[in-house]
Amino acid sequence: MWALRLCLPDVLFDTTADTDGVHARLHDGAEFWATISTPPTGPAIASQGGPRRLVDELEAAWDA
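Scope of this entry: the structure provided in the associated data block. Just so it is clear, the model here is predicted, and its values are computed rather than measured.

## Details of the sheet that holds strand S2 (residues 21-27)
So, point 1. Pairing is antiparallel across the open sheet formed by four strands, whose spatial order is S1-S2-S3-S4. Both edges of this open sheet fall to strand S1 (12-18) and strand S4 (45-49), since each of them pairs with a single strand only. The mean inter-strand angle of the sheet, taken between neighbouring strand axes irrespective of direction, is 10°.
So, point 2. Taken together, the five bridges between strand S3 (residues 33-38) and S4 define a ladder with antiparallel strand orientation.

## Notes on the pairing of S3
So, point 1. The pairing of S2 with S3 spans six bridges and is classified as antiparallel. Each bridged residue has a counterpart across the sheet, and for Arg-25 the counterpart in S3 is Thr-35.

## Points about the pattern of salt bridges
So, point 1. One pass over the structure, following the stated rule, counts three salt bridges.
So, point 2. Linking Asp-14 and Arg-25 is a salt bridge whose minimum nitrogen-to-oxygen distance equals 2.6 Å. Within this pair, whereas Asp-14 is found in strand S1, its partner Arg-25 is found in strand S2, the two being separated by 11 residues in sequence.
So, point 3. Judged by relative accessible area, which is 36%, Asp-14 ranks as partly exposed.
So, point 4. The salt bridge involving Glu-57 is made with Arg-52; its shortest N-O contact spans 2.9 Å.
So, point 5. For Glu-57, a relative accessible area of 27% gives the class partly exposed.
So, point 6. A relative accessible area of 17% places Arg-52 in the buried class.
So, point 7. Overlapping salt bridges bring together Asp-10, Arg-52 and Glu-57 as one network.

## Observations regarding the environment of Pro-9
So, point 1. Within the secondary structure, Pro-9 is located in the loop between helix H1 (2-7) and S1.
So, point 2. Distance in space between the C-alpha atoms of Pro-9 and Asp-28 is 9.5 Å, their sequence separation being 19 residues.

The rules behind the values
Residues numbered from 1 in each chain as written. Predicted model: local features only at pLDDT ≥ 70, side-chain atom pairs only at ≥ 80, totals over all residues. Heavy atoms only, no water. Pairing = 2+ DSSP bridges. Helix = DSSP H or I, 4+ residues; strand = E, 2+ residues; numbered from the N terminus. Axes fitted to C-alpha atoms, helices over the stretch in contact; angles between N-to-C directions. Salt bridge = Lys/Arg side-chain N within 4 Å of Asp/Glu carboxyl O. Buried < 20%, exposed > 50% of the residue type's maximum accessible area, 1.4 Å probe, protein only.

What follows is the structure in structure tokens.
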């Protein structure tokens, strides 16, 4: 999380976990948002809105 904060300092992160898996919500406090859910089985599910592609930025930051 610390490294992601360095790469995406203006993005706010919120994570929760429940019986449906782990869920992350990202937003810039204005108009861009994204959600990523990792269910107990199967691949992660991502969706995003606004011109800024937060999931793509998150993936690039994670790879870095």
